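If you want the building blocks of each chain, they are given just below.
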Amino acid sequence: MTSTPVVCIDGPSGAGKGTLAMRLAKHCQWHLLDSGALYRVVGKACLNADVAWTNEEGAAAIARTLNAEFVVGDREVHVWLDGVDVTAEIRSELGSKGASAVAVLPRVREALLARQREWARFPGLIADGRDMGTQVFPDAPLKIFLTASAEARAERRYSQLLEKGESVSLPRLLDSIRDRDARDSSRSISPLVAAEDAVTLDSTTLTAEQVFSQVTDLMASRGLVGRTSGDRPDTSDSAN
Ligand code: C5P
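Residues numbered from 1 in each chain as written. Predicted model: local features only at pLDDT ≥ 70, side-chain atom pairs only at ≥ 80, totals over all residues. Heavy atoms only, no water.

1. Description of the site of the ligand
The local shell around the ligand holds 15 residues, among which R40, R109, R130, D131 and R187 are the closest. In this structure, S35 approaches the ligand through a side-chain N or O atom, which is 3.0 Å from a nitrogen atom. Side-chain polar atom of R40 to an oxygen atom of the ligand: 2.7 Å apart, as the coordinates give it. Put simply, the parts of the chain that give the shell around the ligand at least two residues each are α2 (35-49), α5 (93-103) and α9 (170-186). If one sorts the elements of the shell around the ligand by residue count, α2 sits on top with 4 residues. (Near = heavy atom within 4 Å. Polar contact = N/O pair within 3.5 Å; in protein donor to acceptor, adjacent residues only side chain to side chain. Helix = DSSP H or I, 4+ residues; strand = E, 2+ residues; numbered from the N terminus.)

Here you go:
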């Protein structure tokens with residue numbers, strides 16, 4: 001499909017994919033595909049155009065002609081839609097709803113396939129999502145399936161929201177994570193499953209640093225980057 005090396009990072013929400021993908025992309029100076037942001041911005045573009053999230057043809061037409069720009073920032077990928085910064089809006093609760101709604105539409109997924117593959121450019125790509133290894137880059141030389149217990153993911157999300165000053169209920173967060181897992185894993189198109197040749201990493205008891213170092217070691221062992229020992233970011237934050 002492509003000779004550009006691609007490292008796929010798939011897994012459920014809250015496992016630490018975004019943090020890992022960003023650190024890897026910066027470390028290797030490779031491109032970064034945040035595929036969730038792509039689904040989120042399609043949801044937002046549908047809202048702008050008054051196209052219902054259930055309107056498959058309408059949403060697919062929007063996905064095909066999307067005028068969006070993605071810029072990797074310090075902590076997240078910033079997104080512009082038709083020249084307007086929609087970063088905060090697409091990462092809101094409504095943004096998540098829109099993304100999951102349009103993500104179940106086969107024609108939308110098909111329309112985004114070619115767009116996502118265009119991200120694979122020299123010198124390499126870190127691709128973060130749910131189906132990077134199974135559908136979008138099936139020939140990738142390294143696929144990571146990053147997971148963590150629902151409890152650990154809920155606790156990380158809880159701390160993040162508290163940090164932002166939002167008051168939340170931990171049991172409610174846990175319920176919503178379990179619901180989302182069930183929906184993502186059971187949908188008929190591109191369900192959340194590990195690719196057969198993926199390496200599964202469970203980050204429940206690992207720090208972000210430990211996950212990062214395991215993945216850079218795997219990249220080195222497959223000849224994708226040089227050995228990185230002694231060349232790692234000096235951080236000790238949690239895996240999300
Ligand atoms: O990764 P993020 O939480 O931003 O993704 C938002 C939603 O987009 C997910 O809950 C999922 O429904 C959908 N998605 C997807 N396939 C991807 C990435 C995201 O279906 N590759």
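2. Remarks on the sheet that holds strand β7 (residues 142-147)
Pairing is parallel across the open sheet formed by 5 strands, whose spatial order is β2-β6-β1-β7-β8. Since the sheet does not close on itself, it has two edges, and those belong to β2 (31-34) and β8 (199-202), each with one partner. On average, adjacent strands in this sheet sit at an angle of 20° to one another, irrespective of strand direction. Two elements, strand β1 (residues 6-10) and strand β6 (residues 125-129), share 5 bridges in a ladder whose sense is parallel. Bridge pairing in β6 links D10 to G129. (Pairing = 2+ DSSP bridges. Axes fitted to C-alpha atoms, helices over the stretch in contact; angles between N-to-C directions.)

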